[in-house]
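# Structural overview for review
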Amino acid sequence: MHVVDLEQAARTVRDHCGSVGGVPRVVTSGNFASPVALLGPLLAQLPTARLHALNAQPDLPLHEGVVPETTFVGPGFRRHPRLSYVPCRLSMAPRLFHGPLPPDVVVVHTTVPRDGRVSLGLEVNVLPAAVEAARARGALVVAQLNPRMPWTFGDAELSVDDVDVGVEVDAPLATHVTGAPGEDARLIGSRVAAEIGDGATLQAGIGEVPDATVAGVLERRGLRVWTEMFSDGVLALERAGALDRGTPVRTSFVFGSQELYDWVDDNPRVRMLRTETTNSPAEIARQPAMTSINTALQIDLFDQANASRIGARIHSGFGGQTDFTVGASHSPGGRAFMALRSWHPKADVSTIVPLVDEPVTSFQHGAVVTEQGVAWMWGRDERQQAHNLIEHAAHPSVRDDLREEARAMGLG
């Protein structure tokens, strides 16, 4: 790895992309760990480029020649006129870099080097596969070396030999401190928490419902974490003594408070794994009593969930929902929960609908949980599933209409 300044790094990327022909593909860290300070000057040197990032945030520099490309749409790419959305389960997204979406440049956000290595810190995800694909095809790997990035272990660690160019940038990390969950979220979370016993494995994400669920299991013991991402809720579990001390906390990326980042820094209890491992349905299924908690925009009377599209326009994508729903369902003692409000506050509509009219993200869940109650799905016939959704999950104001629709579809 050659450590250079921003200007030299930008020129190196420009010269490399000029030799590859066509529109170069730049793969970068997504979510809340994008190396924005480095990406700006690099992309400014490229008249055209495809920028591939997962769950991109609004601070990414997208000039008129940049095509935002992703398998999971974040707020930075959502509704972008040039968006290139590639439908793909997250467990399979890393394969794209060795096939139809080969990288020409990979830009990562890492720690500063130590002992001949750097760490990807808070964001591992699809990046190891992107770096490997770059190395295999002679593409360029560039790192933003940030002394503030926590050092994490596992698949986060890279040899400096796998990085061509490094740029030292002392930049603050994006942080997030959640507020107290609302009443609906607390009720939903408590209903899910009541179904989680000692020794279960949790998929713990970010948001009101996961936070409320975690708050309800602080008295459990021997809990494990196998998840795509986690936030401060895991730190609360650790401090409460709820986690199995003999099992690492395993995840693919982390987002939360500075206090959380201080905890994960150099912490052997935290194991960062690549996406094709954390999201592998087979690996998820091996976790004891795997409890997956996901959400959706709509769920219909056939237990089909739309978590991806609004009015036929892509809103997010499959993400890890399909992977974890399938994996948890196959786990010994595992269950896949769908947790959502019965009424969408912004759209002012019921989230339980007769039949989703958008592409389905997942189906065959263990139970659907709203503030109204728990509607058990697994092992019930389709009429009982529809009945449970109407009577235990749907908002009371739409139950009569749903009953009528159920009868018309042969579910009454």
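The present account deals with the structure reproduced in this document. (Residues numbered from 1 in each chain as written. Predicted model: local features only at pLDDT ≥ 70, side-chain atom pairs only at ≥ 80, totals over all residues. Heavy atoms only, no water.)

Let us look at the pairing of strand 8 (residues 140-145). Of all six residues in strand 8, six are buried, a share of seventy percent or more. The alternating pattern of strand 8 places L140, V142 and Q144 on one face and V141, A143 and L145 on the opposite face, and all of these are buried. By the bridge criterion, six bridges tie strand 6 (residues 105-110) to strand 8 in an arrangement that is parallel. Bridging across to strand 8, V105 finds its partner in L140. Inspection of the sheet shows strand 8 paired to strand 11 (residues 165-168) by four bridges, in the parallel sense. Bridging across to strand 11, V142 finds its partner in V165. (Buried < 20%, exposed > 50% of the residue type's maximum accessible area, 1.4 Å probe, protein only. Helix = DSSP H or I, 4+ residues; strand = E, 2+ residues; numbered from the N terminus. Pairing = 2+ DSSP bridges.)

The next subject is the pattern of salt bridges. Summed over the entire model, instances satisfying the criterion amount to 21 salt bridges. The residue D170 makes a salt bridge to R148 at a minimum N-O spacing of 2.5 Å. One end of the pair, D170, is in the loop between strand 11 and helix 4 (183-193); the other, R148, is in the loop between strand 8 and strand 9 (153-154), with 22 residues separating them in the sequence. For D170, a relative accessible area of 52% corresponds to the exposed category. Of the residues examined, R148 reaches a relative accessible area of 44% and is grouped as partly exposed. One salt bridge connects R274 with E276, and the closest N-O pair in it is separated by 2.8 Å. Judged by its relative accessible area of 16%, R274 falls in the buried class. The class of E276 is partly exposed, set by a relative accessible area of 24%. What emerges from the salt-bridge pattern is a single network uniting R25, R50 and E69. (Salt bridge = Lys/Arg side-chain N within 4 Å of Asp/Glu carboxyl O.)

If you walk across this open sheet you meet the four strands as 26-19-20-27, and the pairing is mixed. Edge positions in the open sheet fall to strand 26 (352-353) and strand 27 (362-363), since each of these has one partner strand only. Here strand 19 (residues 298-300) pairs with strand 26 via two bridges, running parallel. Paired with D300 across the bridge in strand 26 is V353.

The strand order 13-12-18-23-28-29 describes an open sheet built from six strands, whose pairing is mixed. Only two strands of the sheet have a single neighbouring strand rather than two, namely strand 13 (224-225) and strand 29 (373-376). Of the strand pairs in this sheet, strand 12 (residues 201-202) and strand 18 (residues 290-294) are connected by two bridges, and their pairing is parallel. The residue of strand 18 that forms the bridge with T201 is M290. Against the sheet, helix 10 (residues 321-330) makes contact with strand 18 and strand 23 (335-339), and its axis sits at roughly 150° relative to strand 18, the strand it touches most. (Contact = heavy atoms within 4.5 Å. Axes fitted to C-alpha atoms, helices over the stretch in contact; angles between N-to-C directions.)

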